[in-house]
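Here is how the chains run, residue by residue.
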2 protein chains.
Amino acid sequence: MATQTTAPGTTPPSHGEEPAQEPAQEAAADGYVQPDVDVEALQRLLDGRYAEVRALVRRNLVDNADILTDAETMSRGDYRERVKDLIVELAATGQTGMGFPTEHGGGGDPGASVAAFETLAFGDLSVLVKVGVQFGLFGGAIQQLGTRRHHDEYLPRLITGELLGCFAMTETGHGSNVQALGTVATYDVEAGEFVITTTREDARKDYIGNAAAHGELAVVFAQLEVGGEGRGVHAFVVPIRVDGEPAPGVRIEDDGLKMGLNGVDNGRLWFDGVRVPREALLNRFADVSEAGVYESPIDNPNRRFFTMLGTLVTGRVSVGAAGISASKVALAIAVKYALQRRQFEASDDEQESLLLDYGMHQRRLLPLLARTYALHFAQEELTSQLHDVLTGAADDEQTRRELESRAAGTKALGTWHATRTIQECREACGGAGYLAENRFTALKADTDVFTTFEGDNHVLLQLVAKGLLTDYASEFEDMDQLGMARFVAALAVDTVVEKTRVHQLLERVRDLLPGGDEWDQEAGLLDPEYQLAMLRFREEHMISGAARRLKRGVDQGMPAGAVFSRVQDHVIGAADAHMERLVLEAFVAKTRSLPDGDQKVALNLLCDLYALSVIEGDRAWFMEHGRLSVQRSKAISREVAALCRKVRPLAGDLVDAFGVPTEMLRAPELVGELG
Amino acid sequence: MATQTTAPGTTPPSHGEEPAQEPAQEAAADGYVQPDVDVEALQRLLDGRYAEVRALVRRNLVDNADILTDAETMSRGDYRERVKDLIVELAATGQTGMGFPTEHGGGGDPGASVAAFETLAFGDLSVLVKVGVQFGLFGGAIQQLGTRRHHDEYLPRLITGELLGCFAMTETGHGSNVQALGTVATYDVEAGEFVITTTREDARKDYIGNAAAHGELAVVFAQLEVGGEGRGVHAFVVPIRVDGEPAPGVRIEDDGLKMGLNGVDNGRLWFDGVRVPREALLNRFADVSEAGVYESPIDNPNRRFFTMLGTLVTGRVSVGAAGISASKVALAIAVKYALQRRQFEASDDEQESLLLDYGMHQRRLLPLLARTYALHFAQEELTSQLHDVLTGAADDEQTRRELESRAAGTKALGTWHATRTIQECREACGGAGYLAENRFTALKADTDVFTTFEGDNHVLLQLVAKGLLTDYASEFEDMDQLGMARFVAALAVDTVVEKTRVHQLLERVRDLLPGGDEWDQEAGLLDPEYQLAMLRFREEHMISGAARRLKRGVDQGMPAGAVFSRVQDHVIGAADAHMERLVLEAFVAKTRSLPDGDQKVALNLLCDLYALSVIEGDRAWFMEHGRLSVQRSKAISREVAALCRKVRPLAGDLVDAFGVPTEMLRAPELVGELG
C-alpha cells in the first residue's frame with residue numbers, strides 16, 4: 001500500500017500501519033495521552049437530565065430481573081400473565097405514566113416518559129412492548145386524539161393499568177399505507193351511533209398488542225362515512241371484550257407464536273356491524289354532530305389525517321430509543337466477553353491473546369460502539385425536541401413537521417443499528433452467544449420486528465425524503481410518493497433546491513470547502529468541521545440529485561410511479577445521508593459542550609471513529625463525486641484502524657458507562673467478573 | 001447524474017435510468033428479449049447429478065412436514081424425542097447413510113451424501129443438525145479416523161441410528177483453537193488403558209450434540225500422553241451413557257435452551273479418570289502399542305494433526321450447503337410475498353403496486369437471489385471435488401489442501417449469506433414475517449449458529465489466507481497465525497507472490513487487462529472475462545499486499561503477533577476476495593456449458609447481476625487501486641439496477657426452480673397460491 005503523506009493540519013498525525021507500540025499507557029510520539037474514563041461521570045453525562053427517572057427504572061429492572069428467566073421457563077400463557085401483572089406493578093411506581101397530564105395521575109413530562117422507556121429497554125422486551133402498547137399507543141391515542149370526555153373517562157384507569165387497551169390501526173392488508181385501511185365506520189343518524197365493520201378479509205386488524213388476551217377497549221382506526229360521504233380515517237373507542245369474552249360482533253383470534261415478544265398478546269380483530277355511541281369518536285380534530293354533520297377545524301382531509309398521525313410521534317421516538325438501548329446491552333456483553341476470552345497465541349509469551357486485542361475484533365465491535373454513542377446523543381436531542389413540542393414550548397407547524405421527520409429517521413437508524421449490532425455481537429461471542437442463558441437469544445428475537453413496527457424503516461426514510469424535497473411545505477404534506485414525484489417534476493430543479501434548507505446547507509459547505517482538487521488535502525481528518533462538511537455535501541448532493549432524476553423522468557414522459565420506483569433507492573439514500581448528518585451534528589455539539597479533560601478526549605475519539613466510519617463506509621460515493629482522493633480515502637481507513645486501537649483500552653469503561661444493570665447482562669460465564 | 005457513454009463492446013447497451021418501458025415482454029430497443037424460464041428444466045439443472053437422491057429427500061420432507069409445527073407446539077423434551085425418532089426413520093430410507101462404505105450398509109457415495117444433506121436443509125433444521133451430528137460428525141470420525149476394528153464394531157449400528165454418538169471436540173475454553181484443548185488421555189501401560197480426564201473447568205466439552213440426552217458413545221478429542229510425553233490431540237471412543245445413565249466417571253449437563261435448534265440435545269461432558277481400552281484410540285493415523293510405544297506414519301506432529309482434521313472436511317462442505325439451502329427457502333417466501341402483496345399506489349390506475357415492482361425492493365432481494373444461484377454452482381463444484389477426493393479419484397496432498405481451503409471459505413460465504421438473506425427476507429415481509437407460522441422465526445434462530453459451528457467464519461477465512469500465502473506448502477501446514485507472519489516475513493515479498501499460484505493468476509489478468517488509464521473503457525461490463533479479471537486482480541493485489549504488510553511489520557521490529565493483529569482484516573479480506581473469484585468462476589463455467597436458449601439467457605442475467613453486485617459492493621477498493629474510473633463505477637451501479645429490472649419478471653420462476661417443497665414454505669397467507 002502506498003505511504004500516506006500526512007496532510008498539514010491533520011491533528012494528531014495519523015497512526016500509520018507501522019508504529020509498533022501497544023495501546024499507549026503514556027504520552028505517545030504524537031503527543032497522544034490515553035485518557036482515563038471516569039465511568040460514573042460518563043454515565044451521568046449519558047443519563048443527562050433524566051438521571052432520576054432512569055435510576056427508578058433501573059431499580060425496578062433489578063427488582064424484577066427474574067422475568068428474564070420466566071420468559072424462557074414459563075408457558076406462553078403464563079408468561080403473558082406475568083408480563084401483564086408486571087406492567088401493572090410498574091405503573092404503580094409511576095415510571096410508565098410520566099407522559100400523561102398530572103391532573104389525570106400522570107407525570108406531565110413527555111421527555112421523562114421517553115427516558116423511562118429507553119431505560120426499560122435494557123430489560124425484557126415483552127415488558128417494554130406491552131408498556132408501549134398500553135401507555136404509548138393506546139393511552140397516547142386517547143390523550144392525543146381524544147378530548148376532555150375521553151380523558152376523564154379513560155386516562156385515570158389506563159394510567160394505573162386497570163383498563164387495558166389496544167391500538168387497532170394495522171390491518172393484514174395494510175400496514176404502512178394507513179390511508180388505505182379497509183375497516184369502515186358508518187354514522188347511523190337514526191341511532192346516533194357509528195357502525196364499525198370489517199369490509200373484507202384482509203381488512204381484519206392484525207398484530208394488535210393486547211388484543212389476544214387482555215384488552216378491554218380498542219382505539220380502532222376506520223374510514224369514516226357520514227351521510228354516504230367518505231371522510232377518511234378516524235379513530236374510535238370500541239369495546240372488544242366484556243368480562244373476558246369478545247364483545248358482541250367482535251371476533252378475536254390469537255396471532256399465535258411469534259419470533260419474539262411472546263409476552264405480548266398480539267391478535268386479530270374483526271368487526272361485524274359493531275355499534276358504538278357518537279361520543280366514541282376521538283374528536284379532537286373532527287366531530288360528527290348528532291344530526292350527522294361532519295365538522296373539523298382542518299379543511300384539507302389529507303392534512304387532517306397527517307395532523308392526527310403526527311400527534312402519535314412519541315411512539316416512533318420511543319422505539320428508536322429502545323433499539324439504541326438494546327444495542328448497548330449487546331455491546332456490553334460482547335465487549336466484556338472479548339476482554340476475558342483468549343484464543344490462539346498472538347504474541348510470543350505463550351499466553352493466548354484476548355479477543356479484543358485482535359485487529360479484526362476491534363473492527364467488528366468498536367465502530368458499532370462509537371455509533372451507539374453517536375445515536376445516543378442524537379436521540380437525546382430528539383427527545384428534547386419532542387418534549388418541547390408536546391409541552392408547547394415550541395409548537396409551530398414547521399417544528400412539528402421537522403420533529404416527525406427526525407423521529408421517523410432516528411427510528412429507522414436506531415432499529416437497524418440494533419439488528420446489526422446484536423447480530424455482530426452474537427457472532428463475536430461464538431457458541432456461547434447461542435445459549436439462551438445469555439441475552440442474545442431474546443435480544444435478537446425480540447428486537448427483530450423493531451425495523452417493521454411503528455412504520456417500516458424504508459417507508460419512514462421515504463417520509464424523511466419527502467420532507468427534504470418539499471421543505472415540509474404544509475400544502476404538500478398530503479403527498480404520497482406519486483405526488484412527490486409529480487410535485488418535484490413540476491418545478492425547476494433549482495427551485496426545489498433553493499426552496500429547501502438544503503440550499504442554505506450547501507452555502508455553508510461551500511464556504512468551508514473551497515473546492516477543486518486541492519481542498520481535500522487541506523483539512524484534517526479529525527477536524528469535525530471537515531467531517532461535517534463531508535456529510536453535508538453528500539446530503540445536499542443526494543437530495544438535489546434525486547430531485548433532478550425525478551424531474552427528468554417525468555419530463556421524459558415516464559409514468560410518475562415508474563419514475564419513483566427507479567429513483568427510490570436514491571431517495572432513501574438521501575434521507576439516510578440527512579439523518580447521518582444530524583447524528584454527527586448532535587455528537588459534535590455534545591463533545592464541544594464539554595470542558596477540556598479526559599472525558600472530552602475519550603468522547604472525541606468516539607466521535608472521530610463514528611464520523612470516519614460513516615465516511616469510510618460510503619467512500620466510494622465520495623470518490624465518485626470528487627470529494628475524496630484515492631490517497632485520502634486510504635488514509636481514512638488507516639485512521640479508523642488507529643482510532644480502534646486507541647478506543648480498545650477504554651472499551652470496558654465505555655460499555656460500563658451505559659449503566660446497564662449487571663442483572664440485565666445475565667450470562668455470568670460470558671462476561672466474567674462484573675464491575 | 002452524469003450521462004454514461006456506453007463503452008464499445010458493452011453488450012447489450014446498458015439500460016440507463018431513463019427508458020420508460022415496463023419489464024419487456026417483447027424485443028426491446030436494445031434487442032433484449034425476455035427469456036421464458038422453464039421451471040422444471042431449471043430445477044433439473046440445479047439438482048444436477050444427484051436428482052434422484054434429492055427427490056427421495058424431498059419426498060421424506062413432505063411426508064414428515066408436521067415436524068415444522070411440532071417444533072413449536074411440543075415441549076423441548078418431546079421435540080427432541082420426535083427429532084431422534086425421525087432421524088432413525090430417515091436412516092431406514094437410506095438418505096442419511098449415502099456417504100458410508102457399502103460393505104457396512106452405506107451408499108458409498110460421498111457426493112450424494114452432501115446433496116442429501118443440502119436438500120434436507122429445506123426442512124426443520126434440528127433434524128438436519130442432528131443428522132449432521134450423528135452421521136456426519138460422529139459417524140464421519142469413526143469412519144475417517146478409525147480402522148477396520150472400529151468400522152466393523154460401530155458403523156453398521158450407527159448407520160441405522162441404533163447407536164447414537166457424539167463428536168466431543170469443542171471445549172468451553174477452546175473452540176477454533178483445537179490444538180490447545182485441555183482434555184487429557186494418559187496411557188496406563190500396566191492396564192493397557194487410556195485414562196481420560198477433564199483437567200480444568202474450562203476444558204469441559206461444550207455444545208456437544210447428542211450429549212444431553214441420546215448419545216451412548218462419544219468420539220473424544222484429547223491430548224494424548226504416553227510415557228510422560230505429550231503427543232498432541234487424538235480421538236478416542238468413550239462410552240458416556242449406559243442404559244440411559246451417565247457412564248462411571250462421566251458427568252453430563254444439559255446446555256439448556258438455545259436460540260434455536262432445540263430439537264438437538266446439546267450438552268457438556270466432564271471426564272474424571274474415565275478408563276477405556278487401548279483399542280478405543282481411533283488409530284488410522286497413530287497408534288500406541290500395548291507396551292506403550294507411540295507410532296505414526298506421519299512424523300511431524302502438526303502435520304499429523306492437520307491430516308486428521310482434514311479428513312473431517314465433509315462437515316464444512318455440508319454446513320455451507322445447508323446455509324445456501326436455507327437462503328433458498330427464505331427467498332422463495334419473500335419473492336412470492338412480494339409478488340402478491342400490494343402497498344401504495346405507484347401508478348395511475350389506482351391499484352396499489354406489487355412490492356416487487358418497487359426499485360428498492362428489487363435492490364433488496366434480487367442481488368441476493370443472484371448470489372444464491374452463484375453460491376449454488378460454487379457449492380456444486382466443491383461437492384464434486386470432495387467426492388473425487390473421498391473416492392480416491394483425485395487424492396494427492398495438494399488437492400486435499402485445496403479442498404480443505406475451499407470448503408472452509410465456501411462454508412464462511414454460504415453461512416454469512418444465509419444470515420444476511422434470511423434477515424433481509426424477513427424484513428421484506430414486514431409484520432407477517434414475524435409470525436412463527438411462517439418459516440422465518442425458525443430459519444433465523446436455527447441458522448444463526450451456522451456462522452460459528454464447524455469453525456468460526458473469520459477463523460476459516462484466515463485458514464484460506466494461510467493457504468494462499470504459502471501455496472498450501474505442506475511444510476507450513478502447521479503454522480498458526482504467528483507462524484504465518486514469521487514465514488512471510490522471512491521471504492522477500494516477490495518470492496511469496498512468485499511462489500504462489502496467485503502469480504499465475506496475475507499473469508493471466510495482465511494479458512487480459514492492458515492496464516493504464518484506458519483499459520477500463522475497453523471491456524464490456526457484461527463480458528465475463530472483464531468481471532473475472534476484476535476479481536482476479538483484486539485477489540492478487542490483496543494477497544501480495546497482505547504479504548508485504550506482514551513482512552514490513554516484522555522487518556521493522558514489531559512483534560509478529562502485533563503485526564498479525566493489524567493486518568488481520570486485510571488477510572481476511574484477501575481470503576474473501578479469493579472465494580468470490582472462485583464463486584464467479586464456477587457460475588461462469590456453468591453458464592458457458594449451457595446450450596444457447598432462454599435458460600442460458602436467464603442464468604447469464606443472474607451471473608451478471610452477481611458479478612456486478614460484487615464489484616459494486618467493493619467499488620471503493622477498485623477505485624482506490626486504479627481499476628475503476630468514476631464514470632465506470634457509476635455505470636456499474638446503473639447496470640445493477642437495470643439487471644434487477646430484467647430479473648424482476650423472472651423472479652417467481654427462479655425461486656420455484658429451487659424446488660423447495662411447498663409444505664416447507666408453510667405460510668399460506670404469505671405466499672398465496674403456490675404453483
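Labelled according to an unreviewed UniProt entry, chain A appears under the name acyl-CoA oxidase, originating from Nocardioides marinisabuli. Quoted verbatim from the Sequence similarities (unreviewed entry) field of UniProt, the annotation for chain A is "Belongs to the acyl-CoA oxidase family." Turning to chain A, the UniProt record has this under Cofactor (unreviewed entry): "FAD".

Superposing chain B onto chain A takes a rotation of 180 degrees plus a shift of 0.0 Å along the axis, which leaves an RMSD of 0.0 Å. Here the symmetry operator amounts to a two-fold rotation axis. Of the C-alpha atoms belonging to chain B, the one lying closest to the rotation axis is found on Ala620(B), 2.1 Å away.

Between chain B and chain A, the contact holds 95 residues from the first and 95 residues from the second. Where chain B abuts chain A, roughly 8100 Å² becomes buried across the two surfaces, and 49% of that area is made up of carbon and sulfur atoms. Applying the counting criterion to the chain B and chain A interface returns 10 salt bridges. One salt bridge in this structure joins Asp448(B) and Lys444(A), with 2.3 Å as the shortest N-O distance. Our count for the chain B to chain A interface comes out at 46 residue pairs in polar contact (both at pLDDT 80 or more). With 10 residues, the top contributor of residues to the side of chain B that touches chain A is helix α19 (residues 560-592) of chain B. Among the residues making up the side of chain B that touches chain A, the classes are represented as 31 nonpolar, 30 polar and 34 charged.

Quick look at the side chain of Asp448(A) now. The topology assignment puts Asp448(A) in the loop between α12 (440-447) and α13 (457-470). Here the side chain of Asp448(A) touches Arg426(B) through a polar contact of 2.5 Å, side chain to side chain. In this structure Asp448(A) touches Met259(A), Gln423(B), Arg426(B), Tyr434(B) and Lys444(B), once residues within four positions along its chain are discounted.

Right, let's get into the environment of Trp270(A). Residues and elements named next belong to chain A. Within the element layout of this structure, Trp 270 appears in strand β10 (residues 267-277). For Trp 270, a relative accessible area of 8% translates into the label buried. Taking the C-alpha atoms as reference points, Trp 270 and Glu 201, 69 residues apart in sequence, are found 8.6 Å from one another. Not counting the four nearest positions on each side in its chain, Trp 270 is found in contact with Thr 198, Glu 201, Arg 204, Gly 249, Val 250, Arg 251, Ile 252 and Glu 253.

This part takes up the nonpolar core. Phe221(A), Tyr373(A), Phe221(B) and Tyr373(B) are the most contacted members of the largest nonpolar core, which has 362 residues in total. Not counting the four nearest positions on each side in its chain, Phe221(A) is found in contact with Leu145(A), Phe167(A), Ala168(A), Met169(A), Glu171(A), Leu181(A), Thr183(A), Lys205(A), Val233(A), His234(A), Ala235(A) and Leu312(A).

So, on to the packing of helix α1 (residues 39-47) of chain A against helix α10 (residues 359-390) of chain A. Residues and elements named next belong to chain A. Relative orientation of the contacting elements α1 and α10 amounts to 40 degrees, with a least axis distance of 10 Å. Between α1 and α10, the angle is such that the two are oblique. Note on element contacts: α10 touches α1 through Tyr 373, His 376, Phe 377 and Glu 380, opposite Leu 42, Leu 45 and Leu 46. A breakdown of the residues in the contact of α1 with α10 according to their chemical character gives 5 nonpolar, 1 polar and 1 charged.

Turning our attention to α12(A). For an α-helix, the turn length of 3.6 residues means that residues three or four places apart are oriented alike. Counting buried positions over the 8 residues of α12(A) gives 7, a clear majority of the element. Buried-residue contacts for α12(A) involve α6 (125-145), α9 (313-338) and α11 (397-428) of chain A together with α12 (440-447) of chain B.

For the rest of this paragraph, the subject is the domain arrangement of chain A. Residues and elements named next belong to chain A. Along its sequence, chain A is organised into domain 1 (39-44 + 311-453), domain 2 (48-166), domain 3 (168-310) and domain 4 (457-656). Between the C-alpha centres of domain 1 and domain 2 the distance comes to 22 Å. On the side of domain 2, 23 residues touch domain 1, which itself brings 30 residues to the contact. Roughly 2000 Å² is buried in total at the junction of domain 1 and domain 2, and carbon and sulfur atoms are behind 64% of that figure.

Our next topic: the UniProt feature "domain: Acyl-CoA oxidase/dehydrogenase middle" (unreviewed entry) in chain A. The feature "domain: Acyl-CoA oxidase/dehydrogenase middle" (unreviewed entry), as annotated in UniProt, sits at residues 166-274 of chain A in this numbering. Summarising residues 166-274 of chain A: 0% helix, 52% strand, and an end-to-end C-alpha distance of 16 Å.

A few words now on the environment of Leu375(A). Residue and element names in this part refer to chain A. Inspection of the secondary structure puts Leu 375 in helix α10. With a relative accessible area of 2%, Leu 375 lands in the buried category. The spacing of Leu 375 and Leu 309 is 66 residues in sequence and 25 Å in space, taken between C-alpha atoms. For Leu 375, the contacting residues outside a window of four places in its chain are Ile 324, Leu 413, Gly 414, His 417 and Val 583.

The rules behind each value
- Residues numbered from 1 in each chain as written.
- Chains lettered and ligands numbered in written order.
- Predicted model: local features only at pLDDT ≥ 70, side-chain atom pairs only at ≥ 80, totals over all residues.
- Heavy atoms only, no water.
- UniProt positions renumbered as here; feature names shortened; annotations may be inferred.
- Least-squares fit on C-alpha atoms with pLDDT ≥ 70 in both.
- Contact = heavy atoms within 4.5 Å.
- Buried area = accessible area lost by both parts, 1.4 Å probe.
- Salt bridge = Lys/Arg side-chain N within 4 Å of Asp/Glu carboxyl O.
- Polar contact = N/O pair within 3.5 Å; in protein donor to acceptor, adjacent residues only side chain to side chain.
- Helix = DSSP H or I, 4+ residues; strand = E, 2+ residues; numbered from the N terminus.
- Nonpolar A, V, L, I, M, F, W, Y, C, P; charged D, E, K, R; others polar.
- Buried < 20%, exposed > 50% of the residue type's maximum accessible area, 1.4 Å probe, protein only.
- Core = buried A, V, L, I, M, F, W, Y, C linked by side-chain atoms within 4.5 Å.
- Axes fitted to C-alpha atoms, helices over the stretch in contact; angles between N-to-C directions.
- Parallel < 35°, antiparallel > 145°, perpendicular 65-115°, else oblique.
- Domains from an automatic or database assignment.

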